[in-house]
Amino acid sequence: MSQDELAAWLRLALTPGVGNGAARRLLTRFGHPAAIFTQSTAALQACVHASQAAQLHQHPPGWDTALDTAWTWLQNAGAAEGEGCGRALIPLGDPRYPPALLQIEDPPLMLYALGPAAWLGQPVPLLDSSCALAIVGSRNPTAQGSENARSFAQTLARQGWCVVSGLALGVDGAAHQGALESAPQGLPSAVRPCTVAVVGTGIDRVYPRSHQALAHAIVRQGFILSEYPLGTPPLAANFPKRNRLIAGLSAGTLVVEAAVASGSLITARLAAEQGREVFAIPGSIHAPQAKGCHTLLREGAKLVESVQDILEELPAARQALDRLTQAPPASASPAAAPASTAVPPGTTATTEHPVLAALGFDPMGLDQLQGRTGWNTAALQGWLLEQELDGQVARLPGGLFQRLVRS
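Mind laying out the overall build of the protein, listing which residues take part and the relevant values?
A count of helices and strands for the protein gives 18 helices and 12 strands. Within the protein, the proportion of its 407 residues that are buried is 52%. For the protein, contacts bridging at least 24 residues in sequence account for 71% of all contacts bridging at least 6. Per element, the accessible surface of the protein, about 17800 Å² overall, is 53% carbon and sulfur.

Pasting the structure below:
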């Protein structure tokens, strides 16, 4: 990302009164943040309110300082995290942006990311969410709760799953640690993080401070992600909001221990609203840390006693993981889409994009579209994301895509 591109994205993100929804409407209509700021008031008001249009014609307060801070941070990759670690700012439309987040109600405009430089440098999604499971729970778990979180994460990571959590004290930390214990030594050849931490602060801060060493370990074998600007302190309101990303990045959410009123139950309910699976480990009827799990079980969560209980509920994820395991290692240089694209038999050759021709106007899954085009997964997902932002393709529930008719 060039400094000019960074400036445009930060200006859009920091404009007062323009939230993620309004920003997405503007991007869909005008294509790139830099183009938004050249539009007339009338053109902007086709997407946003008059007050928002007025704000877009002004530089946001603190924008220059935020730009200098972010640019310096990006240019000093590895300075704090160590050799081989990278930094990135990943906006909507970037091929590294996790596609699963586009299915949630409020996808972030940008993600700040820390992780292996070799992974961040590849134009593929940071995470295959079909092979990721969120593990969340109490900040004050019992000894058994901590061990359950560590053990489940360790077993899942050993089988190739990515464990997603929030880097908090207690269950979150135990889950990250368990996943790291099963991570291969050295960087694997494929982009498959063993754990992802979604934090509620600026990514340049570690909260709690006692997790400094854990955070450094995570960025060698996985990612730390944040939607908040650099320097954002640990504000209480930000942590429930970030929970939608923990749930959205995962095929399901496992609650290990939780009180009835807790952030873990917020994550679980967000997962259910997003159509993800929810799992809970039961505990003693006398333990306050078990009452949240028992509440979820009464509401329909799946009772879990072993990792196998989770795998049985996520057969599609298991199949995706098998495909990843059997796929050839990623090459050192990013894989590009094939020069020639197969078009379904009987399709008339036209000047339109061959993948649009292959997609047609009926809902279609990614696997079927791959079979028609011959494109690899990473290239196809990146292309579909670009077309979503351009208003040519819609993402439907169930992992389907549909071509749109432009007016």
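Describe the pattern of salt bridges, listing the residues and the values that go with them.
For the structure shown, the criterion picks out eight salt bridges. Here R96 makes a salt bridge to D94, at a shortest N to O gap of 3.0 Å. Residue class for R96 comes out buried when judged on its relative accessible area of 16%. Looking at D94, the relative accessible area reads 14%, which means it is buried. The residue E227 makes a salt bridge to R244 at a minimum N-O spacing of 2.7 Å. Residue E227 is found in the loop between β6 (222–226) and α11 (238–248), and its partner R244 is found in helix α11; the two are separated by 17 residues along the sequence. Of the two residues examined, E227 and R244, each falls in the buried class. Linked by salt bridges that have partners in common, R24, D106, E227 and R244 make up one network.

Quick rundown of the environment of S40? Include the residues and the values.
Position of S40 among the secondary structure elements: in the loop between α3 (33–36) and α4 (41–44). A sequence separation of 13 residues divides S40 from A53, and the C-alpha atoms of the two residues are 8.7 Å apart.

I'd like a rundown of the sheet that holds strand β11 (residues 393–396), residues and numbers included.
Spatial ordering of the open sheet is given by β10-β12-β11, a layout of three strands whose pairing is antiparallel. Of all strands in the sheet, those bounded by a partner on one side alone are β10 (364–365) and β11. Across two bridges, the pairing between β10 and strand β12 (residues 400–403) is antiparallel. The residue of β12 that forms the bridge with M364 is F401.

Describe empty space enclosed by the protein, and please don't skip the residues or the numbers.
By rolling a water-sized probe across the atoms, one finds the places where empty space is left. In total, this model carries one cavity of 30 Å³ or more according to the counting rule given. Estimated volume of the largest cavity: approximately 30 Å³. Classifying every residue of the lining of the largest cavity by side-chain character gives seven nonpolar, no polar and one charged.

So what about the packing of helix α9 (residues 171–181) against helix α10 (residues 212–221)? Which residues, and what values?
Think of two packed helices as two axes; the pair is described by the angle between the axes and how far apart they sit. Packing of α9 against α10 leaves a shortest axis separation of 10 Å and a crossing angle of 45°. It follows that α9 is oblique to α10 by the angle criterion. Crossing handedness for the pair α9 and α10: left-handed. Of α10, the residues touching α9 (which contributes G173, H176, Q177 and L180) are L214, A217, I218 and Q221. When its residues are assigned to classes, the contact of α9 with α10 shows four nonpolar, four polar and no charged.

Would you mind going over the packing of aromatic side chains in detail, with residue names and values included?
The geometry of an aromatic ring pair is captured by two quantities: the separation of the ring centres and the angle between the planes. Per the counting criterion, the structure on display carries three aromatic pairs. Judged by centre distance (5.8 Å) and plane angle (50°), the ring pair of Y207 and F239 falls under tilted. Taken together, the residues span a long stretch of sequence, with Y207 in the loop between β5 (195–198) and α10 and F239 in helix α11 at a distance of 32 residues. Judged by its relative accessible area of 43%, Y207 falls in the partly exposed class. Given the relative accessible area of 14%, F239 is considered buried. The aromatic ring of F37 is capped on one face by R11, whose charged end is 3.9 Å from the ring centroid.

Calculation rules
Residues numbered from 1 in each chain as written. Predicted model: local features only at pLDDT ≥ 70, side-chain atom pairs only at ≥ 80, totals over all residues. Heavy atoms only, no water. Helix = DSSP H or I, 4+ residues; strand = E, 2+ residues; numbered from the N terminus. Buried < 20%, exposed > 50% of the residue type's maximum accessible area, 1.4 Å probe, protein only. Contact = heavy atoms within 4.5 Å. Areas by Shrake-Rupley, 256 points an atom, 1.4 Å probe, with all protein chains shown as cover. Salt bridge = Lys/Arg side-chain N within 4 Å of Asp/Glu carboxyl O. Pairing = 2+ DSSP bridges. 1 Å grid on protein atoms, 1.4 Å probe; cavity = no way out; pocket = protein on both sides within 12 Å on 5 of 7 lines; lining within 4 Å. Points joined across faces, edges and corners; volume = space filled by probe spheres on them. Nonpolar A, V, L, I, M, F, W, Y, C, P; charged D, E, K, R; others polar. Axes fitted to C-alpha atoms, helices over the stretch in contact; angles between N-to-C directions. Parallel < 35°, antiparallel > 145°, perpendicular 65-115°, else oblique. Left-handed = near helix turned anticlockwise from the far one by under 90°. Phe/Tyr/Trp six-rings, centres within 6.5 Å; stacked < 30°, edge-to-face > 60°. Lys NZ or Arg CZ within 6 Å of the ring centre and 35° of its normal.

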